[in-house]
Amino acid sequence: MSERGRHREGVDPYAFLASGEAWDEFCDALKERGKDLLRDTAPKSPVDVAEGHRYLAQMVRSAFELILEAGDPARPWLFTSLHETMKIGWDNPDNIHTNARLSAEHTYRLSGTRGDAHIMSIAIYGGSYASGGGSTENFVYMDELEIAPDGSFEAILSAKEHPGNWVKLTPQSKTMMIRQTFTDRRNQVPARLAIERIDPDRTAPPPLAPDYVVGALRRSAAYIRGTNKIFFDWSDLWKTKPNTFWESDAEAAAAQQGVPGQFYASGYWMLGDDEAIVFDIEPPECRYWAIVLSNYWGQSFDYRYHPVDVNMARAVYRADGSARIVVAPEDPRLPGVNWLSTEGHGEGVWTLRYLHADRHPLPTPSVVKRSELAKYA
């Protein structure tokens, strides 16, 4: 049965909406989430407080898009879930994420063109942030599928095996996420994508029902609550040992919709007004590597206007093959050095990614006086 047809026991959805109680319930839950921004460990600078409130507003947008607008697997809809003004969970500026809600009860056709992304994948996830995390039910690289010479493709997503390109759905499958990872996002062409149900029951959707809206509001509140706890708790953990890199936990990464085979090293950095951080990345043999600066709330800094990330293709390398990184509020203008801007922050999170690497070297950061940076050229 479509999620639009499910009723909540003991609740008259129409009366609950018509009385205003459903909206009041959601607003009360959202008010509680505002208190999450006030936790003692959260940064209190003007820019961090401002970004925290913007983050919460973005979470409402994300919840409504994911759950209210595109939450019915019987009516699949592709939407861009992470982008320049929608950021959650240590987003990667090199990525475009496209999501859809799916169910193994249905059969879907995904079609489009491959585009120029360095890496493109289809992930099927179960669970949710509302329940504390999820599971990876399937993960397929686009290059494993048959793609026509002109870049076009189509694949069937279903529980039952199909000939040709097939992506298996399990009973636990809830969400599809298509990742496109670019090395030059400004110039590489993204994929063009479409999804449709192709099983027999493809009748037009009924009018929006009160029970669906009541359920969506409640799930949205739970999604925001769960997401806040997961990512703010990680920031607090990393903050106990600042200016270092913590090796990722593979199970935890999988529960946060991570990429199988991708190594994550994150940490919390802190700087004084006259300080900078210097470290070297010694890239292993890998399919992809990148590093990005983010805020406490789990959002990358504004990569549209500031150099807050660097990847394997854009990095400047030293003679020994390493990439020297300087984290500082202003460009030190040093030859052979990659500057990452703090964009007005005195603290935040960094995330280093290695995909399919033969080893996982962790940088060793040093906090130095900005007046001494010239010696690190």
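Computed from a predicted structure; not experimentally measured.

**Examining the sheet that holds strand 13 (residues 288–294)**
Now for step 1: Taken in spatial order, the 5 strands of this open sheet run 10-11-17-13-14, and their pairing is antiparallel. With one partner strand each, in any of the chains shown, strand 10 (246–247) and strand 14 (309–311) form the two edges of the open sheet.
Now for step 2: In terms of strand pairing, strand 13 meets strand 17 (residues 347–355) through 7 bridges, oriented antiparallel. The residue of strand 17 that forms the bridge with Val292 is Thr351.
Now for step 3: Running at roughly 65° to strand 11 (residues 262–270), helix 4 (residues 210–239) makes contact with strand 10, strand 11 and strand 17 of the sheet.

**Notes on the nonpolar core**
Now for step 1: Ranked by size, the top nonpolar core spans 24 residues in total, and within it Phe279, Ile281, Trp289, Ile291, Val327, Trp350 and Leu352 carry the most contacts.
Now for step 2: Among the secondary structure elements, those contributing two or more residues to this core are strand 11, strand 12 (275–281), strand 13, strand 15 (323–328) and strand 17.
Now for step 3: Residues Leu37, Tyr55, Ile67 and Tyr268 belong to the second largest nonpolar core, which totals 23 residues.

**Notes on the pairing of strand 16 (residues 337–341)**
Now for step 1: Burial analysis of strand 16 places 5 of its 5 residues in the buried class, which makes it a mostly covered element.
Now for step 2: The side-chain alternation of strand 16 yields two buried faces, one formed by Val337, Trp339 and Ser341 and the other by Asn338 and Leu340.
Now for step 3: Summarising the sheet, strand 15 and strand 16 pair through 5 bridges and their orientation is parallel. By the bridge assignment, Ile325 is partnered in strand 16 with Asn338.

**A closer look at the packing of helix 2 (residues 21–36) against helix 3 (residues 46–69)**
Now for step 1: Two numbers describe how helix 2 lies on helix 3: the axes approach to 11 Å, and their chain directions differ by 140°. Relative to helix 3, the element helix 2 is oriented oblique. The handedness of the crossing between helix 2 and helix 3 is right-handed. Along its contact with helix 2, which presents Trp23, Phe26, Leu30, Arg33 and Gly34, the element helix 3 presents Leu56, Val60 and Phe64.

**As for the confidence of the model for the protein chain**
Now for step 1: Per-residue confidence for the protein chain gives a mean pLDDT of 93, with 95% of residues at or over 70.
Now for step 2: Predicted confidence for residues 1–7 stays below pLDDT 50, and this span has 21 contacts to residues more than four positions away or in other chains.

**Some words on the packing of aromatic side chains**
Now for step 1: The full count for this structure, using the stated rule, is 17 aromatic pairs.
Now for step 2: Arranged with centres 6.2 Å apart and planes meeting at 20°, the rings of Phe263 and Tyr354 form a pair that is stacked. Residue Phe263 is found in strand 11, and its partner Tyr354 is found in strand 17; the two are separated by 91 residues along the sequence.
Now for step 3: Classification of Phe263 by relative accessible area gives buried; the value is 7%.
Now for step 4: Summarising the aromatic geometry, the rings of Trp269 and Phe301 are spaced 6.3 Å apart at their centres and angled 90° between planes, so their arrangement reads as edge-to-face. You can see Trp269 sitting in strand 11 and its partner Phe301 sitting in the loop between strand 13 and strand 14, a full 32 residues away along the chain.
Now for step 5: Using a relative accessible area of 1% as the deciding quantity, one classes Phe301 as buried.
Now for step 6: Site record: aromatic cluster; members linked through ring pairs are Tyr55, Phe232, Tyr268, Tyr296 and Trp297.
Now for step 7: Lying across the ring of Tyr141, Arg287 places its NZ or CZ 4.7 Å from the centre.

Basis of the calculations
Residues numbered from 1 in each chain as written. Predicted model: local features only at pLDDT ≥ 70, side-chain atom pairs only at ≥ 80, totals over all residues. Heavy atoms only, no water. Pairing = 2+ DSSP bridges. Helix = DSSP H or I, 4+ residues; strand = E, 2+ residues; numbered from the N terminus. Contact = heavy atoms within 4.5 Å. Axes fitted to C-alpha atoms, helices over the stretch in contact; angles between N-to-C directions. Core = buried A, V, L, I, M, F, W, Y, C linked by side-chain atoms within 4.5 Å. Buried < 20%, exposed > 50% of the residue type's maximum accessible area, 1.4 Å probe, protein only. Parallel < 35°, antiparallel > 145°, perpendicular 65-115°, else oblique. Left-handed = near helix turned anticlockwise from the far one by under 90°. pLDDT = per-residue confidence, 0-100. Phe/Tyr/Trp six-rings, centres within 6.5 Å; stacked < 30°, edge-to-face > 60°. Lys NZ or Arg CZ within 6 Å of the ring centre and 35° of its normal.

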